[in-house]
Each structure stands twice: as structure tokens, then as C-alpha cells.
Number of protein chains: 4
Amino acid sequence: MSASEQNSSGGTGDAVATVLAGQDDIRDWLHDLYRSVHEHPELSNQEVRTAERAARELKDFGYEVTEKIGTTGVVGVLANGDGPTVLMRADMDALPVKEDTGLDYASTVTAQDADGATVPVAHACGHDVHVACLLAAARLLAEAKDAWSGTFVALFQPAEEDATGAREMVDDKLADIIPKPDVAFAQHVLAFPSGKVSPHAGPFLSSADSMRITVHGRGAHGSMPQLSVDPVVMASAIVMRLQTIVAREVAPNDFAVVTIGRISGGSKSNIIADSAVLELNIRTFDTGVSEHVIDAVKRIATAEAQASGAPRTPDFELYDHYPLTDNDADTTARLTDAFTAHFGDDVDDNGRQSASEDFSDIPTALGVPYSYWGIGGVDPDTYTEAEKRGTVNSDIPANHSPQFAPVIEPTLSTGTATIVVAALAWFAGSGS
Amino acid sequence: MSASEQNSSGGTGDAVATVLAGQDDIRDWLHDLYRSVHEHPELSNQEVRTAERAARELKDFGYEVTEKIGTTGVVGVLANGDGPTVLMRADMDALPVKEDTGLDYASTVTAQDADGATVPVAHACGHDVHVACLLAAARLLAEAKDAWSGTFVALFQPAEEDATGAREMVDDKLADIIPKPDVAFAQHVLAFPSGKVSPHAGPFLSSADSMRITVHGRGAHGSMPQLSVDPVVMASAIVMRLQTIVAREVAPNDFAVVTIGRISGGSKSNIIADSAVLELNIRTFDTGVSEHVIDAVKRIATAEAQASGAPRTPDFELYDHYPLTDNDADTTARLTDAFTAHFGDDVDDNGRQSASEDFSDIPTALGVPYSYWGIGGVDPDTYTEAEKRGTVNSDIPANHSPQFAPVIEPTLSTGTATIVVAALAWFAGSGS
Amino acid sequence: MSASEQNSSGGTGDAVATVLAGQDDIRDWLHDLYRSVHEHPELSNQEVRTAERAARELKDFGYEVTEKIGTTGVVGVLANGDGPTVLMRADMDALPVKEDTGLDYASTVTAQDADGATVPVAHACGHDVHVACLLAAARLLAEAKDAWSGTFVALFQPAEEDATGAREMVDDKLADIIPKPDVAFAQHVLAFPSGKVSPHAGPFLSSADSMRITVHGRGAHGSMPQLSVDPVVMASAIVMRLQTIVAREVAPNDFAVVTIGRISGGSKSNIIADSAVLELNIRTFDTGVSEHVIDAVKRIATAEAQASGAPRTPDFELYDHYPLTDNDADTTARLTDAFTAHFGDDVDDNGRQSASEDFSDIPTALGVPYSYWGIGGVDPDTYTEAEKRGTVNSDIPANHSPQFAPVIEPTLSTGTATIVVAALAWFAGSGS
Amino acid sequence: MSASEQNSSGGTGDAVATVLAGQDDIRDWLHDLYRSVHEHPELSNQEVRTAERAARELKDFGYEVTEKIGTTGVVGVLANGDGPTVLMRADMDALPVKEDTGLDYASTVTAQDADGATVPVAHACGHDVHVACLLAAARLLAEAKDAWSGTFVALFQPAEEDATGAREMVDDKLADIIPKPDVAFAQHVLAFPSGKVSPHAGPFLSSADSMRITVHGRGAHGSMPQLSVDPVVMASAIVMRLQTIVAREVAPNDFAVVTIGRISGGSKSNIIADSAVLELNIRTFDTGVSEHVIDAVKRIATAEAQASGAPRTPDFELYDHYPLTDNDADTTARLTDAFTAHFGDDVDDNGRQSASEDFSDIPTALGVPYSYWGIGGVDPDTYTEAEKRGTVNSDIPANHSPQFAPVIEPTLSTGTATIVVAALAWFAGSGS
């Protein structure tokens, strides 16, 4: 049996077993770490506490750590002999959502958002899982250096929710700070059963754009609508009309989402304001569709302003552009083989997801192939019962819901193991 | 010629002429006072500076002053011999509006509203005019006590914009503080030509109710609308459907206004929130219509929640009830005669107004007849030109508009004279 | 006692009593006549049977009759000595409505409308009452010629529902056919208690305009919305947006109705058509309001077409213009006195009505003062009970409803008496 | 070289070449036939002329013909020795669409639809192409019987547009009339370039359901909206709200179409009707999605009726159910090979189509595998230019558009050749 044969089969499995053997010993630490991060969520580019914890832990594990890349970005590099360089990224930021999970470690945190408003903050998107699992995997790899050879890069990114964090780290000379990776990975906890792992080749996460529409009316006393151009009616008419884009203008075979995440107009019941704001999120898997949708949004909002007799056309501002996450085919095939060897039937390609990510800005800037996978976060029993009732979609809170609450286990153990398995699929035996 | 004949004709005119003769001397003081109040607007129940100024001035004029009635209410009583007691009320509070008048004395003030949010504040409703004119009239009457006989009560009320201030003063034992008036008056500056005065018998200002509707959806990530019940769409559908109440359900001969002054849902483009809020203002001149409209609002919002598949029905909260302002016929006739004798052709009944007021809570509680009139605030030249172009409604900012800006003169002189003329219509010669 | 005193008091009353004494004798005939007309409704300009019946009866009564004025118009002239000429008009046409009254004399008639479509026809507007009452009054006056002196003109008009019949009769030289009247009258049965009479001075019935909007989309197979511009969605969006005109653009004190009486688009569930049609009815009591509303309708429909990305702007066609019915003050005062003398407390000014009428085209063309009044048609007991329950509006079918069903008595007797009383208020004693 | 090798390669090619050699000779006949069918379109179950022409031609070609299967269905059977039985189906019916193609052979035909209304009729869906091509292929196969062996069944189906024709033929004992086929085919002309052929394995055409919603309001005169429950507003609100099903309730990865093909309410601008009708078409590729959409439509319409205060809930009627067209994998693979051998690069799998078909009811009832393919109908030059401009969707009229006009060639030659090639892929050499 040659060395190379060993590496690609039993050898990887041995290394995985060796590294993951440490999971039992670190479980209490991992759970405490997770609960602490969950309980102290931080808004985008405010991830100071989380970044400090990540940096401190990485240093303790023996990583060479660089902090404050972009705003609060952290990378830890563990050079462990010859072999490939594998980058794993976790995003750190939380959301302006009021947690409503009933967990004893639920967030009660508030913070000032970019506009200076005080808002509740919660890890309603599961980035706390990503942070905890990456630190756990980084620790396990550091504690079993004999089992593998190569360089592991643990990257903690700020501001994924603003679509700016990955780009900020790239712009702050990430390429000069870390060795060039051979491959880059990221993962996301999603609303399927905990314990399940979902790799997917090709387009996996949609591109996304946010658009702010400010409509201009004319203010008046609430009792004199005839003197006003009512911006609340204008904004509402736009919302209703925007539904027709996905329903009537996009081919039913094409993927498109137009979400109006925020509407805001007026301050008081008896004053007609002179403007209102809509914030939209537009997601597609195709550039042509994306362009059509954005044009249609502008066409509709402009026309609705005319219908209202508005004094001027709305303002349109595009922001938070997320690139398409398009998993490399060869990388994903190798990854899927490694996952299947370890997780068996728990590997299940759930297909492309409608979420978006800025992760790919990092490998794209570095010229590195990448793959991004999903892990389940829902209590399998809960899921099975909801599935029996046919109420998965209505009973199980999804990411960004105030009730989103990944079950701690097997989520954290699975999310740790995926990283170890993925890294070892490139590392294992390479040094022997 | 008998005394009574004197009183009812030349006598009143003489007294008016005598009292108003002082206007020239106080004009600079009045303008400074007005600009100062305008530049320092205060939100409802926060009228500390305005109230202190009113109290200080009244004391200087020789009034017996009581402060902090309700929250910041002030009354000054000038007992000047036998004769009737006349109460004149001015409201003091400003609005959470960002002033956009370009005036050199424009407000740049912000304050914390009842929810703790920092908001801009401006006298966009003209209460600064009411305060200044009442202080000026109080001064003129005090400086010409020989010309009349009776008791003048100058009342400065907080929180008219919340519909609570009049009631607060009544509840804080106003009846024990002042002598029972024979008549009560109030006035409002409106968007017709400055110099004009508009008395009106019978229903003059509408009743009003505010209603807060909170709709409940289900939050989700912006990319997964199928997991959500979208509260922004629900709220917008309600807004569009509410238009049908006035358009289709209220008889075209009946008066009804349904303004949605505020809509607010979601915090971020890519998060679907789990609730949204609408704040409505409902105005009518008829209790039956009012009840029908409120029921229809509830029916529509409830049904739209069902159309969305909402997890529960909306919450409805009624607040800021304003009574109907129904001017006493005899009082208004006597008032109109006095106005006509003084202002001639500038007296013009512009009919009932769609605005609302809590003033009448005071005379109603005291068991006193009342009349409430309007004065113009728009530069007559501007008005005439807008009228020629047929653009009065679109060119001239109305009350509550960020551009609402009464022209200082003849607005202040007219608004002072109306009070003097009204008071003397009851006082004049009564002591002789 | 002078003759003129006689005329204006007991004289008129005597004449009324004399003429109306015949009512008992003709009641069976009147009821049969009414049921026959009700059972055989005819669409506008198709009133052949009704006109023939009217002409035949008038000839039998001794009137000089001219037929087929305009299309089916009929006038009967009864010259009865010196004195004023009084014109009374009844409209004859029915509506394309499927009667749903459950009456044993309900219509089961269908007819071809102007577009060639077969439609149900019913007297859902009560013109059968007008025809029957005018024939009854004409008969009573003919049978009691000694009681009065003057000329009575009974005019039966076609096509009121199309707003064309009055104009057609005028254009067909009505002025040459009849002596110039001194006064012209018309009446309408309305949804208030039978037995009541409602005269009203000044503007009584609104002006009205109909507008046909044809929106242009792009047809496609129902499965390929992305290739279409969907005219059904476009038309529906226009309907919803048009609600904002009355709700937000017209001052709440002003009267305006915008009814979309007809919407029609597409022929089959799985074909997206390339156009749709809306037919609107716009009613106001003010030319400025009318112009604003018509402009707003065009603005909104044009903008909604742009929102849809329509290949071209909608087509707008105005038709069926109804003039304002503005009752002459002196005429109405004299009429009201006469009604009050006869009907006592049953005379009740219900104020202006939102309906419209082309009747005034006749007196306007002839240069004659006019007054138009309402009579009740609802069973008084039913009305009283509905009033107690507060369900008048929901329980009692109004004009144009498929359930509209005037109670035969006292409706027909009252509607006959109003004509006799009105005519005698001009005629009575004038010949003595 | 063995016989079997011949059959599967050059042998089929030879047979195809031999049969298609006749195309030049029949081209004038084919074009005349096509123009005649196009010019004389017939509504569903009224295809008398078309069926008679098909039957006559088939008899002339030597087929054994059965007529009037179901309503107007025709089958011709050509038994030509041993070998497989191949069924090819063409649908015959046209649509109630007013043709607007400008062709010199455009339809000017009208007919009475099922409701007795007179409607224009046109071959806006291209069934004339299907009829002409099947007759041409039937002729070519009959004229070259030496080139193949087996049984060819040419089936002409009525009422595809009503989703009833296939079922009617099955129910009228089709299985007893024809030999059991080994395979069944059908084709459709679509809006891609003429000359192209598009086979597709698996789900190809969506399932479809039609639903008629009748909403109930309360009629009134157009001037008295307050007495009505306006069915036009109710129907329009439903249309706008239904847009949210595809836009918000169906997962963006799932396919769903909700088309409201017909809206109809009211007959006249100034009458508020008491009901309105919507006719919907619902298409999906998944039963769960279909059920969710149908439930959501009912939920929304019911709630909108409540929002209107409707006297009763809407009526829902499901009709015109189309099954999923799910092409057999093996059959389609064999077919695609044969197409590729003959058409080369012109074979292009355009993926699943959003249209629906009842064709599969026939093979499903007979227990036969089937495949259904598309052929292009658009002038390739026009298409290329539109593609360059990026205006394919807006410039090129799709099926069911009044402007839908397949270019005669190469459409008819291609559509004939596809049938011959498909049939010979089963027949060729089988008899040798």
C-alpha cells in the first residue's frame, strides 16, 4: 500500500478520528463559549468583544494572531509543517433583532445602530455557532498537530450582515497577512435537522442587493389630506405593486426574491409626513434577472410617485451588494467525499439556498477555489414531528427570526467536525 | 343716549380703539417674543420654557398667576372691577417636525419624545402665534384698564397636540383656581390670508381619534419569504384597503378623514420582521360616522391579517380623543358682530375646518359657552398670486407642514386684536 | 277677500281636494298600470311599449299627444283655459339589471343592449313609479278640469339612464311642440319611507360624468406572465389607486363620488388578454372638484400603466354627462308651501342627493325655472324597524339594486298627489 | 454488419431520408392546408370543419379512420406490417382571441362560446401547425410504406384548451378503436426560432387548474357607494393580494404561476353591481405547491370579502384540470438521439415549459410511455435581431397573444420532420 493510498482513504479517516478524539474534553468549554457569544451579540463592525475572545483563544492555542483587520477582523495562522494551506472563515456579527427564544442564555443586549438609534441585538442568524465551531476546530487541530501537516488559517470576519466585512478585510491587506490558501471554506447553520451536513456544487447562495427608496410627498396636517401628497399611501402602493415583479415579470422557472424588509413613514398619527422610506432586498441567481428586477423596482416606484402627483421622483440607493456564492465543483466533490466518509447518511445536498454571503469576496480576491456548506441547527425530534405534521415551514423559526435558536447539540459538535474533516481532506498525511 | 346704547355701539368701538392704541408701542416686544418662542419649540408636556415666559410676562402685567396646572399649564387672572369674566386660551406645545422654512429664526431644536427617541421639534402648527397674541392682548388689556371692566383670564395650555392638555388642567382643579367665566374663547392661525378673521357658528372643528394598529406576522430571513408572514406587505395592504372607507363606505355628503400618519415595520432590508405598526387619525363631524369608520378600520385590518395568514389578529389601541368643537350660536353671533365692527370685510366665515382641538374640554367642564375662531397666517400677496395660479393648495404650506411659516405681520397684530375685540364685546362699558 | 288671497290659501286646498277626490276610483287602474310597466321594463331608447301605453292613455284622457320625440319621447298637452303652463316629466327607461325582488310582478325580461349583448332588464331605478304617477295625475287633472285653469304638459322621456333622453327631445324640437312652460317639475322615488316628500332648494342632484378607460397590456399564454403586460393586474391596481382620490385628494368637506361600475378584462382563465376596460362614474356638486377628479383619474391610470410597463398609455373616453340639478329657489319655496299645506309633517327636506339626472336639460333649454323633488318608496314599517336597528343602509335596497322594490302604496298615491299639488300651486283659481 | 446495426444507425437515417424525400412534392398542399385551417379556427368541441378535413385527408392517404370520438376527435390508423405502434396526437381547437397578426390569411371568424356570447376566434396557440404537420407526416409515411414497418396512429384531438378533449376521447373508448401503442408523442409550436427542436426528459409541462371565484357584494346606484358593498373594488383587491402568493408564499426555488385571465364585474358605469367574477389559472410542477396555492387563493379571497363587509363568502369553482406532462426518460433519450441524428445542432433542450397540456391523459389511460416536445415558430432572423436587442420577450408575441404568428417555413417542414423522425426511431428497419 503506498503512502498516497493511505492519505486518500484510511489515512484521512485515522487523522479525523485522532483530531476529533479531543471533542469530549472540550465540550464544556465549547458550550460555555457558545452561550457567552450568544448572550453578548454585537452589531456589524462592533464585534469588539467577540473578536477579542477569538484572538485570545487562538493565541492560547498557539496560533499567530493578527487583530483589527478591516474593523474587527481576526486571523489566526497555525503553520504545521509542509502541506496545503486551508482557510476557514467564521462571521461574527449579530442582528438588530429582539431575541424571543426563551433561552436562559438569550440576549437582552441593546446597541446603537449606524443611525444612532438604540436597538435590540441578537444572534438571530447563528454566527455565534460559526464562531464557536471555528474556535473549537482550531483548538482540536492545534492539540493534535501530529495527525496532520500543513497550515490552518482561522479567519473571523466582521460585518457579514452589511455585506462589507469580507471586502474590508481584503482591502486591509489580508493577502499580506496570511499565506496564500489552497482552498477556502465557510459554513452556515440553517433550519434543517441538527446533525445534517449539506454540501452543494455550483451556485449555492444567491447574489443580493439592497435598495433604499425614499419617496417624496408633501406634508400637511392629518385633517387636510387634500393639501398633502401622502407618502404613507405612496409607499404602501409601491409595496403592493412590487409584488407583481416576482409574480408576473420574472419567469416562473427563474429565482427571484424581492423583500421589503423595512418601511417607515411619518412620526405621529395626525401629521402627514413629506417622505417615507422603503428598504428592499433583491436576490437572484442570474445577472439578467437581477438587472430586470432592479429596473422594474425603479419603474414601479417612479410611476407610483407619478400616480400620487409627487413633487419629485423617488431617490434610489443601492447598497449591501452580496456576490453569488458559486461553489467550485472539484473542491466540493473532494469535500463531499470526505464528509460522506465521516458523516455517512447525514450528508444531504439540500440544494441551493436563497440566502446570500459576502464570504466569496475573500477567495475571489485571493484567487482561491472555495466551497461553502450548510449544517443543520434544528432539534431533529422537533423537525421530524413538524415534518409529520407538514408544518416545517410554519413551526420552525428560520434564520433572522426572533425565535431562531439552534439546538446546542449535536449542532456544535457537527459544526466543529465539518471543519476538521474538511481541513483534513486537504491536510491529512500530506506531511508524512 | 343711554349707557346701554353706548355699550353696544360706539362704546365698544371706543374701548377697542383705546386698548388697541397700545399696539404700536408693544410691536417690537411682541415680535421678539414671537421669534423667541418660535425658535425654542417644546414638545407636549415639556413646555417649561414657554410656560415660564408666559407666567413671568403675566406677572409683569399685573396678573395673578398660577403655574404648573396639569403639567405646565399657566393661568393669569386680571380682576378689573365688576363685569363678566372672559377666558382666552392659547396652546403652547410644538410638534416633532423638522422645520424647513428657511427663516432666520427657524428652530434647530431637538428633544426626546415620549418613547425616548431624539426628534426635531418645530412650531409647525402655529401655537407660537397663539402664545404671543394672548400675551400681547393680556398686556394691552392690563395697560388700558380704564377702558373696560370685568375679569380677564389668560390661559396657557400644554399638550394640545396630544389631546390631553385641556383635560389635565381641568383635572388639576382649574375650576378652583379661576373665577367661573361667562364665556371662553380660543383661536387658531390657519393657511388663509393674514389679516382675515373667520368666526363660524356650530360645528367648527372635527372630533378626532387616533388608533394604533399593530399587525403580527412571522419573521424570517429576507431570502426566505415562504417561511414568513410578511408584516410590511400586510400593513401596506391595510393602508390601501383603508382608502375604501372614505371612498366607498362613508356617504359622500358626510365628512370623514382617515389619515395613516405613521407606518413602521422592520429594521433592515434583509430581515422580515414579525410585526408592523400603523398610526391612524380619524376625523368626523358625526358620532355615527365616527363609529362606522372605527369599526370599518378594525374589520379591514382584521381581514387583511387573515388574508396574510397571520398568526394572530392585530392589536387596536385608541388614543388622543379630541371632542367636537361646536361653537355656541349666540356667543358666535355676538362675536361676529364685534369682529365685523372692527375688521369689516376682513371677517369671512371660511366654514368648518377639518382640524381638531381639545380646547372645548375646558368650557364643557366649566359649563361655559364658547366660540373658537380662525385667523389667517399667509402673506396676502403670496396668497393672491397662488389663488390666481389656482395653486393655493399646492403652493402654500398648511399647518403641520415643515414649511408652515405664518407671516409675522399682520398675523400677530390681527391675532392680538381679535382677542381684545372679543373680550371687549363682553366687557366694554360694563363697568360704567 | 280678494281673488289672489283665495288662490294662495283655501282656494288651492279646495282645488287639490277636488282633483284628488278621484284617487279612489282610479286606484285599481293605477296599480295594474304600475305592475304592467314594472313587469315589462325596456332599456334606454327602447321604451316602445311604455311610450305607446303612455300615449294611448293620454289620448284617452283627452290630451293632445305627440309621439316619438327624440327616440320614444311622448308629450301630452291638456290646454284648460287661461293660466300658467306647467310641465311635469317622467322618465321611462329601465336598467340592465337582473331583478331579484321576489315580487309576483317581477321582471323576467331580457333585451339586447347597445353592444348586442343579451342582458336582463329591470325597473331597478323606479322609473315605472314615475310613469304611473304622471299618468295618474294627468288623468285626475283631466277628470277635474273645472277645478283649475291653465295648461298641463305631461312629458315622458326616454333614455335618462344614458343621460341622452332629455337632450334628444330638446334637439327634436320639443320647443315647437309644446307651449312654453312657466315652470317645470320632475320627481324621483328614493329609498326613504313611502309617504314622505322631500323638496330641496338649490343644488339637489349632482353633476355626473362617465369615463371609459381602456388599458393596454400585452397578451400571452396564461403560463408565461413574464412575456405579458397583464391588463387585469393593471386595471385592478388602477381601481385600488382610484380610491385615494376621494379619500385623500378631495377636501373632506367637498362632495365627490368615483364609482367604477364596470371592470372587464380577458375571456378565459389561461389567456392573458392585451387590454381591459374600466367604466367610471364621477359625481360632484362643484365644477372645480369635478375637473380635479377627472384629471386625477387620468393621472393615476396613466401612471399605473407606466408601473406595468404598458406598451402605451390608456385611452380615456368621457360620456353620459349629466348636468347639475339646481332647483330654483323661488319655485321650490312655493312648491314647499304647497306640499306642506297638503302633506303636513310628511314633507321633509332630506338634503341634496348624490344621484344625477338629465331632466334639467329640458327646462334649461326652454329657459324655464324648475324644481325636482324626491318621494319615498320604502315600506314605512320596514324603514322604522331598520332605523331602530340602525341598519337602514344595509337592509334597505337602494335604487339600482336588484332588490330595489318600492312598496306600491302609499308610494303611488303620494307620487300622484305631489304632481297634482305642485301643478295646482300654479294653476289653482287662476281661471276664476 | 448486422441488420440491427443498420437499424440503429444508417438504417434509420436512410428511412428518414426516404420518407422525407416527399416533402418537396407536398409543400404547396401543406401550405394551403395550413392557411385554410388557420383561416377557419374553431372553438373547443366545435372543431367540425377541421376534423372533417383531417378525416378526409387521412382516408385519401389510406388510413382507416374513425370520427367523432368524444365530440369531434378523429383517429387514422395505418397498419403497415409488423412492428411497433406509434401514436402521434395533434390538438385541433382555437381560442376566443381576436387575431391581430396582419397576415393575409388571418382569421376574421366569430363563434358562439359556451355561454352563448359571440366571440372572435383565432389559432393563437398554433394548433393549426400541429394539425397541418401531423397530416403531412401521415401522408409522407403513407406514401413511403416500403421504408418502414409498423402501425402509425394519427390522432386529432378536440378541446385541448378546455382540458377536456383527451379525456373525452379516452372515455369514448379510444382504447377499443386503436391498437395499443408502444409509445405516444405530441408536439407544440413555441416562441423560439423556427427550425429548432426541443425535447426534454422528465417534467416538461406544468400541471394546471382553473378556478372561478364569484364575489358577492351589494348592488346600489353608482352615486350611493355607502349603500353598496362594491364588488369591483373587492375583486380588484383580491387581484392585488393574489400577487403575494407567488411573490411571498411560494419558495423562490419552486415554480408557480397564478394568472387571473379574466375579471368581470358590473355592466354600466353608474350601477354598482352585486357580484364580480375572477377566473384564475394556477400552474405548478409539484402537488404540494399546487395545494398550497389553491388554499392561499381561497384564504385571500375569503378574507378580502370580509374586508369589504361582503354579505357572504365568495364561491369557488375548480375546473379545467391539466395533468403534469412528465416525459418518460428512456423514450425521450431515444427520441433525442433520433432528433440529433437528423437535426444536429438544431436540437436544443429549452427546459421545462410553463404551459400545460391534457395530452398525457391519453397515454396515461392507455398505459403507454410518452414524450412531448417543442418546435420553434419564430422567424429565425426576427429572433436573432430581438436577441441582439435583448427584446425577445417583449418583441416576439407568445402563444395566446393576438399577434402570435408562426412563420410558415421552416416551421411546417420541421414540424413534419419531427413526427417522421420520431416515428421512424421506433419503426425503422423493424420490418426487415
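Everything in this summary refers to the structure shown in the same document. (Residues numbered from 1 in each chain as written. Chains lettered and ligands numbered in written order. Predicted model: local features only at pLDDT ≥ 70, side-chain atom pairs only at ≥ 80, totals over all residues. Heavy atoms only, no water.)

## What to know about the interface of chain D and chain C
Here is the rule: Here, residues are in contact when the closest pair of their heavy atoms is within 4.5 Å. What counts as buried area is the accessible surface, traced by a 1.4 Å probe, that two parts surrender upon association, with contributions from both included. What makes a salt bridge here is a side-chain nitrogen of Lys or Arg within 4 Å of a carboxyl oxygen of Asp or Glu, nothing more. Residues adjacent in sequence count toward polar contacts only when both atoms are side-chain atoms; beyond that, a polar contact is any pair of N or O atoms within 3.5 Å, and within protein one must be able to donate a hydrogen and the other to accept it. Numbering of helices and strands runs from the N terminus, with a helix taken as a DSSP run of H or I at least four residues long and a strand as a DSSP run of E at least two residues long. All residues other than Ala, Val, Leu, Ile, Met, Phe, Trp, Tyr, Cys, Pro, Asp, Glu, Lys and Arg, Gly among them, are scored as polar; the first ten of these are nonpolar and the last four charged. Strand pairing is defined by DSSP finding a minimum of two bridges between the two strands.
The interface of chain D with chain C comprises 56 residues on the first partner and 55 residues on the second. Together, the buried faces of chain D and chain C total about 4,700 Å²; carbon and sulfur atoms form 58% of this surface. The tally of links from chain D across to chain C stands at 2 salt bridges. Of the charged contacts in the structure, one is a salt bridge between K268 of chain C and D162 of chain D, with a shortest N-O distance of 3.6 Å. The interface formed by chain D and chain C holds 15 residue pairs in polar contact (both at pLDDT 80 or more) in total. Contributions of two or more residues to the side of chain D that touches chain C are made by β11 (220-221), α7 (231-249), β12 (256-265), β13 (271-272), β14 (275-284), β15 (315-322) and α12 (392-395) of chain D. The element best represented in the side of chain D that touches chain C is β12 of chain D, accounting for 8 residues. When the residues that make up the side of chain D that touches chain C are grouped by side-chain class, the tally is 23 nonpolar, 24 polar and 9 charged. Bridge count for strand β12 (residues 256-265) of chain C against β12 of chain D is 3 bridges, and the pairing is antiparallel. Looking at β12 of chain D, one finds that S264 of chain C is bridged to S264 of chain D.

## Quick look at the relation of the copies chain D and chain C
Applied cut-off: Each copy is superposed on the other by least squares, with the fit set by C-alpha atoms of residues at a pLDDT of at least 70 in both.
Here chain D sits on chain C after a turn of 180° about the axis and a move of 0.0 Å along it, with an RMSD of 0.1 Å. Classification of the inter-copy transformation places it as that of a two-fold axis. Looking at the interface residues of chain D, 98% of them are also at the interface in chain C, so both copies use one shared face.

## Section: the interface of chain A and chain D
In this assembly, 17 residues from chain A lie in contact with 17 residues from chain D. In this assembly, chain A packs against chain D so that about 1,400 Å² is buried in total across both faces, 53% of it on carbon and sulfur atoms. Between chain A and chain D we count 0 salt bridges in total. Contributing elements (two or more residues each) for the side of chain A that touches chain D: α7 (231-249) and β12 (256-265) of chain A.

## Looking at the packing of aromatic side chains
The cut-off we apply is this: Working definition: rings of Phe, Tyr and Trp (its six-membered ring) pair if their centres are within 6.5 Å, and the pair is stacked with planes under 30 degrees apart, edge-to-face with planes over 60 apart, and tilted otherwise. Here the term buried applies to any residue with accessible area under 20% of the maximum for its type, exposed to any over 50%, and partly exposed to those in between, with areas from a 1.4 Å probe on protein chains only.
Inspection of the entire model under this criterion finds 48 aromatic pairs over all chains. Ring geometry for F359 of chain C and Y372 of chain C: centres 5.8 Å apart, planes at 50°, overall tilted. Separated by 13 residues along the polypeptide, F359 of chain C in the loop between α9 (329-343) and α10 (361-366) and Y372 of chain C in strand β17 (residues 370-378) bring together distant segments of the chain. Judged on exposure class, the residue F359 of chain C and its partner Y372 of chain C are both buried. Look at F61 of chain D and Y63 of chain D: their rings are 6.5 Å apart centre to centre, the planes differ by 70°, and that puts the pair in the edge-to-face class.

## Some points on empty space enclosed by the protein
Rolled over the atoms, a probe with the dimensions of a water molecule shows which regions are left empty. Applied cut-off: Using protein atoms alone on a 1 Å grid, points that fit a 1.4 Å probe yet trap it form a cavity, whereas open point sets bounded by protein on both sides within 12 Å along at least five of seven lines form a pocket; residues with an atom within 4 Å of a point count as lining. Grid points are joined across faces, edges and corners, and a volume is the space filled by probe spheres set on the points.
In this structure the tally under the stated criterion is 12 cavities of 30 Å³ or more. Of the voids in this model, the largest cavity is the one considered here, and its volume is about 160 Å³. Taken together, 19 residues line the largest cavity, and the ones lying closest to its centre are V246 and D254 of chain A together with V246, P252 and D254 of chain D. The set of elements that each furnish at least two residues to the lining of the largest cavity consists of α7 and β12 of chain A together with α7 and β12 of chain D. Class assignment of the residues belonging to the lining of the largest cavity gives a composition of 17 nonpolar, no polar and 2 charged.

## What to know about the relation of the copies chain A and chain D
Once chain A has been moved 0.1 Å along the axis and rotated by 180°, it coincides with chain D to within an RMSD of 0.1 Å. In this assembly the copies share their binding face: 100% of the residues contributing to the interface of chain A also contribute to that of chain D.

## Examining the state of the cysteines
All names here are of chain A. Rules: Two cysteine sulfur atoms form a disulfide, by the criterion used here, when they sit within 2.5 Å.
Under the criterion given, the structure shown has 0 disulfides over all chains. Its sulfur unpaired, C125 is 14 Å from the next cysteine sulfur, which belongs to C133. Note on C125: relative accessible area 5%, which makes it buried.

## A word on the side chain of E249 of chain D
Positionally, E249 of chain D belongs in helix α7. Note on E249 of chain D: relative accessible area 17%, which makes it buried. Among the polar contacts made by the side chain of E249 of chain D, one reaches the side chain of R299 of chain D at a distance of 2.4 Å. If near-sequence neighbours (up to four positions away) are discounted, E249 of chain D is found in contact with Q226 of chain B together with T244, H292, A296, R299 and I300 of chain D.

## Topic: the environment of V77 of chain C
Residues and elements named next belong to chain C. As for its position among the elements, V77 is in strand β2 (residues 73-80). As for V77 and Q243, which are separated by 166 residues in sequence, their C-alpha atoms are 47 Å apart. Residues in contact with V77, not counting those within four places in the same chain, are Y63, E64, T151, F152, V153, I178 and P179.

The values are spatial; any link to function lies outside them.
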